[in-house]
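Below, each chain spelled out in residue letters.
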Amino acid sequence: MTDSADPIAGLDLTEQAALGSGASFWTTKAIGPVPALMLTDGPHGVRRQSGSATDHLGISGSEPATCFPPAVGLSQTWDPDLVERIGRALGDESRALGVHVLLGPGVNIKRDPRCGRNFEYFSEDPLLSGTLGAAWVRGVQSRGVGASLKHFAANNAEHDRMRASSDVDDRTLREIYLRTFEIVVRQARPWTVMCSYNRINGVYASENAWLLTTVLRDEWGFDGLVVSDWGAVADRVTAVAAGLDLEMPTTGGLSNAEVVSAVRAGSLGADVVARAAGRVARLADKVTEMTCTATVFDVDAHHELAREAAQRAIVLVQNDGDLLPLAPAPLAVIGGVAQEPRYQGGGSSHVNPTRLDVPLEEIRRLAGDHPVTYCPGTDIAAAVGAAESADAAVVFLGLTAEEESEGYDRGHIDLPADQLELLRAVVQAQPRTVAVLSHGGVVRLDAVADAAPAVVDGALLGQAGGGALADVLFGVVNPSGRLAETVPLRLQDSPAYLNFPSESGHTVYGERIFVGYRWYDARDIPVAFPFGHGLSYTRFDYSGLEVDPTEEGLSVRLTVANTGTRPGREVVQVYAGLPGSAVARPVRWLAGFATVTVDPGEQRTIEIPVSRTDLAFWSTDAGRWVLETGRYSVSVGASSRDLRVTATVAVAGDEPRSPFTRDSTLGELLADPVAAKTILAVLDSASPFGAADSALGSNLLRMLESVPIGRMAAFSAGQVTREQLDELLAGINAQRS
Ligand code: BGC
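Described in the following lines is the structure provided in the data block. (Residues numbered from 1 in each chain as written. Predicted model: local features only at pLDDT ≥ 70, side-chain atom pairs only at ≥ 80, totals over all residues. Heavy atoms only, no water.)

### Looking at the overall build of the protein
Step number 1: For the protein, the count of helices and strands is 22 helices and 28 strands.
Step number 2: A compact globule built from 737 residues should have a C-alpha radius of gyration of about 27 Å, and the protein, at 29 Å, falls within 12% of that.
Step number 3: Along the first, second and third principal axes, the C-alpha atoms of the protein reach 95 × 70 × 50 Å.
Step number 4: With 737 residues in all, the protein has 62% of them scored as buried.
Step number 5: The long-range share in the protein, meaning contacts at least 24 apart out of those at least 6 apart in sequence, stands at 76%.
Step number 6: If you sum the accessible surface of the protein, you get close to 26900 Å²; carbon and sulfur atoms cover 50% of it.
Step number 7: Put simply, the protein has 62 plus and 91 minus side-chain charges, and the middle of one group is 2 Å from the middle of the other. (Helix = DSSP H or I, 4+ residues; strand = E, 2+ residues; numbered from the N terminus. Rg over C-alpha atoms; globule rule 2.2 N^0.38 Å. Buried < 20%, exposed > 50% of the residue type's maximum accessible area, 1.4 Å probe, protein only. Contact = heavy atoms within 4.5 Å. Areas by Shrake-Rupley, 256 points an atom, 1.4 Å probe, with all protein chains shown as cover. Lys, Arg positive; Asp, Glu negative; His and termini not counted. Charge placed at Lys NZ, Arg CZ, Asp CG, Glu CD.)

Given below as structure tokens:
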């Protein structure tokens, strides 16, 4: 079927309405020439349920599939190529399991560390989230399987998620919360987008015509299908009119009948229903071209890929005295997670893994002939004894599955007190102690880092994480992961602390664009570990920074040298800033990044492009991205607070040149070189302002800055008439155009 052919020719209104809602929990209907579709979660594995027990909360079982690192781990790789390879593997598994649309990626911004679903999202930064999300979509769709970009939009908490309104101003939405989606839609063209449960500024996402049509389709050019999150539709008729195409799961025909009645009553256009049905049919046509059941997937190869991803995701947070990597020697391994790994989160994304690497076993394998004593850590005396008689101790800490999940948020970000007590006791007996962390949402690390000389953050690593952790501990792999989220010293320091979760059905996004490191840097708040942080077993030097404007934005070039003794991968981060910007801006923001692998003693020159949009701000007045003219600072470093080289570059902007009107303030006019000359001359001659060198001193001028020029007629008691002002403005506008 081609795009121009009518995919729903011959289907009547009832059939068209029926196409717009599910046949079952996971499938759409086969009607006429339109085949049924199977949709399944996502994102870090294929959760294909085959029995009659179906759910979207991770309760009932599913077919075995590779459990790749969830987004919290994957994002720490900062590696879009790797994420795209994982996407391809997920696409292959989807095909083998008969899945047409895989429900992911989840690209919501981690606004607050307490959000229960942060493990399923990439980052607090829109560029990092969007770039990785786009890679995921490209990979999956390259296999003929549709992606479903979710949860669109501003779904940043689990509390009251099916009703609460995210109250966000336009600029914040555009620069932070919509930006991730925009990047993915523009770069990777997902075949479907999933609208979220929540309201945005009072309107349900599923009924939000501005969101689903004006922004998504008209501005970003999305031409795929909009599916609801499971159960997100409060009123299907309003939703279809706003741009929803498919309601999931089935409503047993209830909402189809409502749609048909609305068309018959004239309150919903028949063309709108036909358009939605057409999009379902086109998607079905596209994805069922592949042979869903004809392939099997390579379980071993995918496990290896999951391990590679986990290796790259692990962040070496601290390594005092170069305690790591460990040489094979007698070891004490402490903590239940070493034997029963915590490797994914709870809820709809819960995957039934094809196999599971156990950290303890993998550590034993790499320890060779040396004894590895294991203690669950419930008996502190036993753990201390084991640590004392070993050469080093590895203590596994983290959150339990019950503490964080889809469906609810956390109330704090602390590790359990008994775990910290255990760690401190072990370190006292064995100073060579490494703390290894497993968690989906960020946890406080200051106490851990105070106690243990070495800290390894595993976040959630998927089914092969156990092997990857052992590889990093023993130096088989040189760690190169970087934090995709700031670790604050205290929850009270975090940006949305006072506005989380919702209250009376509203979540006020009062911190505006100052999310994550944007907040901590603007407020100069010390953090435990900054965004982008991560150590290596080698050292990298940065030099030779050159920044040049290009048509697309900036070209950033520099040389990265490996001055240590091991090969390593460095995540090179470019941060931009604009001192003196006309609007409130972060001190610096991530504008580009790249990874580079360098051998010891070698160096590599890399180029990182920065797009104009990644320098711009969203102007609410102009209703578009505006690039300010100015001297931008460009810093490149190994984290947001470890900037190694800095340059400044002049950028020619594209500020709107709106004509001045009577409503323009004196300040605005005086800021314009052409207008300033004329205006100062007029003010000089007009009583009661007097001459510029006397009454028009700088204080008076400053006091007058916010006065609209039109008011001068009255203030000057008729010395300057409205007509004269209009003439003056017309003259200025003519000179400026
Ligand atoms: C989740 C979605 C998921 C859907 C289907 C919902 O509860 O929010 O992310 O894709 O269920 O399981």
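That shown, we press on.
### Comments concerning the sheet that holds strand β13 (residues 372-375)
Step number 1: Read across the sheet, 6 strands follow the order β10-β16-β15-β14-β11-β13 without closing on themselves; strand pairing throughout is mixed. Here the strands that pair on one side only, and so sit at the sheet edges, are β10 (315-319) and β13. Within this sheet the neighbouring strands show an average axis-to-axis angle of 15°, counted without direction.
Step number 2: The pairing of β10 with strand β16 (residues 454-457) spans 4 bridges and is antiparallel. Each bridged residue has a counterpart across the sheet, and for V315 the counterpart in β16 is D457.
Step number 3: Of the strands in this sheet, β11 (331-334), β13 and β14 (392-398) touch helix α12 (residues 359-366), which is tilted by about 165° from β13.
Step number 4: On the sheet, helix α16 (residues 465-473) packs against β14, β15 (433-438) and β16 and is oriented at approximately 150° with respect to β15. (Pairing = 2+ DSSP bridges. Axes fitted to C-alpha atoms, helices over the stretch in contact; angles between N-to-C directions.)

### A word on unusual backbone geometry
Step number 1: The omega torsion across G42 and P43 is -10°, close enough to zero to call that bond cis.
Step number 2: Mapped onto the fold, P43 is located in the loop between β1 (39-41) and β2 (64-65).
Step number 3: The amide bond that connects G104 to the next residue, P105, takes the cis arrangement and shows omega of 5°.
Step number 4: Counting through the fold element by element, P105 comes out in the loop between β3 (101-103) and α4 (126-141).
Step number 5: Positive phi, normally seen in glycine, also occurs at D160, with a value near 55°.
Step number 6: Mapped onto the elements of the fold, D160 is located in the loop between β4 (146-152) and β5 (165-167).
Step number 7: Classification of D160 as partly exposed rests on a relative accessible area of 23%.
Step number 8: For R512, which is not glycine, the phi torsion reads 55° and is therefore positive.

### Description of the nonpolar core
Step number 1: F152, W230, V556, L558, V572, L590 and V636 are the most contacted members of the largest nonpolar core, which has 138 residues in total.
Step number 2: In terms of residues, this core owes the most to one element, α4, which gives 8 residues.
Step number 3: Leave out the neighbours within four places in its chain, and L558 touches Y542, S543, G544, L545, V572, R604, T605, I606, V636 and V645.
Step number 4: Counting 35 residues, the second-largest nonpolar core is a separate cluster that includes I334, A393, L491 and A528. (Core = buried A, V, L, I, M, F, W, Y, C linked by side-chain atoms within 4.5 Å.)

### With respect to the site of the ligand
Step number 1: The environment of the ligand is formed by 14 residues, the closest being D41, R117, H151, D229 and E406.
Step number 2: In the environment of the ligand, an oxygen atom lies 2.4 Å from a nitrogen or oxygen atom belonging to the side chain of D41.
Step number 3: At 2.7 Å from an oxygen atom of the ligand is found a side-chain nitrogen or oxygen belonging to H151.
Step number 4: Within the complex, 100% of the 310 Å² of free accessible area of the ligand lies under protein.
Step number 5: Each residue belonging to the shell around the ligand can be placed in one class, and the counts come to 5 nonpolar, 3 polar and 6 charged. (Near = heavy atom within 4 Å. Polar contact = N/O pair within 3.5 Å; in protein donor to acceptor, adjacent residues only side chain to side chain. Nonpolar A, V, L, I, M, F, W, Y, C, P; charged D, E, K, R; others polar.)

### Some points on the environment of A561
Step number 1: As for its placement among the helices and strands, A561 is situated in strand β21 (residues 553-562).
Step number 2: According to the relative accessible area criterion, A561 is buried, its value standing at 15%.
Step number 3: Each residue touching A561, except ones within four places of it in the same chain, is listed here: R539, F540, D541, E602 and Q603.

### Some words on helix α3 (residues 80-96)
Step number 1: The terminal C-alpha atoms of α3 lie 24 Å apart, and with 17 residues this matches the ideal 24 Å at 1.5 Å per residue to within 8%.
Step number 2: Most of α3 is tucked away: 12 of the 17 residues are buried.
Step number 3: For α3, the secondary structure elements touched by its buried residues are β2, α2 (71-74), β3, α4 and α11 (299-313).
Step number 4: For α3, the N-terminal cap is D79; the gap from its side-chain oxygen to the backbone nitrogen of D81 is 3.1 Å.
Step number 5: Note on α3: the residue one or two positions beyond its end, G98, has a positive phi of about 75°. (Expected span 1.5 Å × (residues − 1).)

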